[in-house]
Amino acid sequence: SNQNSGMPDLSKLKLAVVTSYPYPSSKATANRVDFFVSTAFEAKVSEVIVIGAEADDTVGQQSDAKKNDGIKIIPIIEQKYDRRRLVLRAVHELFQVIRILRAIFRVKPDFIIFTIPSAPLLILGIMLPHKRFSIDIRDAIWKYLAQGRLVQRAAAWVTRVLLRIA
């Protein structure tokens, strides 16, 4: 029994996997998220919810197929915008984080995994009222940031500081 081994009873756990990238339409994001989902199902987690960004025109067949696999998907619909305009991008990412936060409060998961997070989503994870979460960041990103321009190196430093606070 799980109680005798000191392990929590995962059969009652509601898990949310959150990403700021398109799921399931982006193959790279889907591969990353699906790893967590399949691992959760193998561990007999009772409910798995994926909260991810999706463009208006991509919600459909792929989401339906994932739902048939037992995954509940909450798409955060993205409006198209010019990603090269930094102010517009910052405002867009702020609104995206607010929509994701609202979805998290609606779902009320027991545990959250933030995967491939944008900087605002990373901050959201740290600011959540309960601290039952994990942040999945690819190692390649750190190498890229550490070798980049001053702004990229500063972003890597700020992220490390925020993760230590968490």
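The structure displayed is predicted, hence computed values, not measured ones.

Draft legend 1. The overall build of the chain, seen in detail. Within the chain, the secondary structure is distributed over seven helices and five strands. Tracing the chain from N to C terminus, the helices and strands come up as α-β-α-β-α-β-α-β-α-β-α-α. By residue count, 37% of the 166 residues in the chain fall in the buried class. Residue pairs at least 24 apart in sequence account for 56% of intrachain contacts in the chain once pairs closer than 6 positions are excluded. Looking at the chain as shown, the accessible area adds up to about 10300 Å², and 58% of this sits on carbon and sulfur atoms.

Draft legend 2. Spatial organisation of the nonpolar core. If you look at the biggest cluster of nonpolar residues, it comprises 17 residues, and the most contacted ones within it are V18, I51, I100, I104, I112, F114 and L124. Breaking this core down by element, the ones donating at least two residues are β1 (14-22), β2 (47-55), β3 (72-78), α4 (86-107), β4 (111-115) and α5 (119-127). Among the elements that take part in this core, α4 stands out by supplying five residues, more than any other. Filtering out sequence-adjacent residues up to four positions away, L124 remains in contact with V97, I100, L101, I104 and F114. Among the nonpolar cores identified, the runner-up in size contains 15 residues, and V17, V37, A40 and I113 belong to it.

Draft legend 3. Main features of unusual backbone geometry. A cis amide bond, omega 5°, links Y23 with the succeeding residue P24. Assignment of secondary structure puts P24 in the loop between β1 and α2 (27-42). If you check the backbone angles, K44 has positive phi at about 65° while not being a glycine. Inspection of the secondary structure puts K44 in the loop between α2 and β2.

Draft legend 4. Broad picture of the environment of K44. The exposed category is assigned to K44, whose relative accessible area is 60%. When the C-alpha atoms of K44 and S11 are compared, they prove to be 5.5 Å apart, with 33 residues separating the residues in sequence.

Draft legend 5. Spatial organisation of the packing of α4 against α5. For the pair α4 and α5, interaxial distance at closest approach is 9 Å and the crossing angle is 35°. Both α4 and α5 take part in a crossing whose hand is right-handed. Here E93, V97, I100, L101 and I104 of α4 come into contact with α5, specifically with P120, L121 and L124. Partitioning the contact of α4 with α5 into residue classes produces seven nonpolar, no polar and one charged.

Draft legend 6. Structural view of α4. Compared with the 32 Å implied by 1.5 Å per residue over 22 residues, the 31 Å span of α4 between its first and last C-alpha is a close match. Along α4, the residues classified as buried are H92, E93, Q96, V97, I100, A103, I104 and V107. Take α4 and look down its axis: the buried residues cluster within an arc of 140°, on one side only. Looking at α4, the residues exposed on the side facing more than 90 degrees away from the buried face are V87, R102 and R106. One or two steps after α4, the chain reaches K108, where phi turns positive at roughly 55°.

Draft legend 7. Expanded view of a nonpolar patch on the surface. The grouping of V87, V91, L94, F95 and I98 at the surface amounts to a nonpolar patch, some 470 Å² of accessible area in total. In this structure, L94 sits in helix α4.

Draft legend 8. Seen up close, the environment of I73. Tracing the chain through its elements places I73 in strand β3. The class for I73 is buried, based on a relative accessible area of 9%.

Draft legend 9. Seen up close, the packing of aromatic side chains. Per the stated rule, a full pass over the model turns up one aromatic pair. Each ring, one from F35 and one from F36, has its centre 5.4 Å from the other, and the planes form 70°; the classification is edge-to-face. Residue class for F36 comes out buried when judged on its relative accessible area of 16%.

Definitions and cut-offs
Residues numbered from 1 in each chain as written. Predicted model: local features only at pLDDT ≥ 70, side-chain atom pairs only at ≥ 80, totals over all residues. Heavy atoms only, no water. Helix = DSSP H or I, 4+ residues; strand = E, 2+ residues; numbered from the N terminus. Buried < 20%, exposed > 50% of the residue type's maximum accessible area, 1.4 Å probe, protein only. Contact = heavy atoms within 4.5 Å. Areas by Shrake-Rupley, 256 points an atom, 1.4 Å probe, with all protein chains shown as cover. Core = buried A, V, L, I, M, F, W, Y, C linked by side-chain atoms within 4.5 Å. Axes fitted to C-alpha atoms, helices over the stretch in contact; angles between N-to-C directions. Left-handed = near helix turned anticlockwise from the far one by under 90°. Nonpolar A, V, L, I, M, F, W, Y, C, P; charged D, E, K, R; others polar. Expected span 1.5 Å × (residues − 1). Arc of directions from axis to C-beta. Patch = residues over 30% accessible without salt bridge, like charges linked within 9 Å, V, L, I, M, F, W, Y side chains within 5 Å. Salt bridge = Lys/Arg side-chain N within 4 Å of Asp/Glu carboxyl O. Phe/Tyr/Trp six-rings, centres within 6.5 Å; stacked < 30°, edge-to-face > 60°.

Geometric values such as these leave the question of function open.
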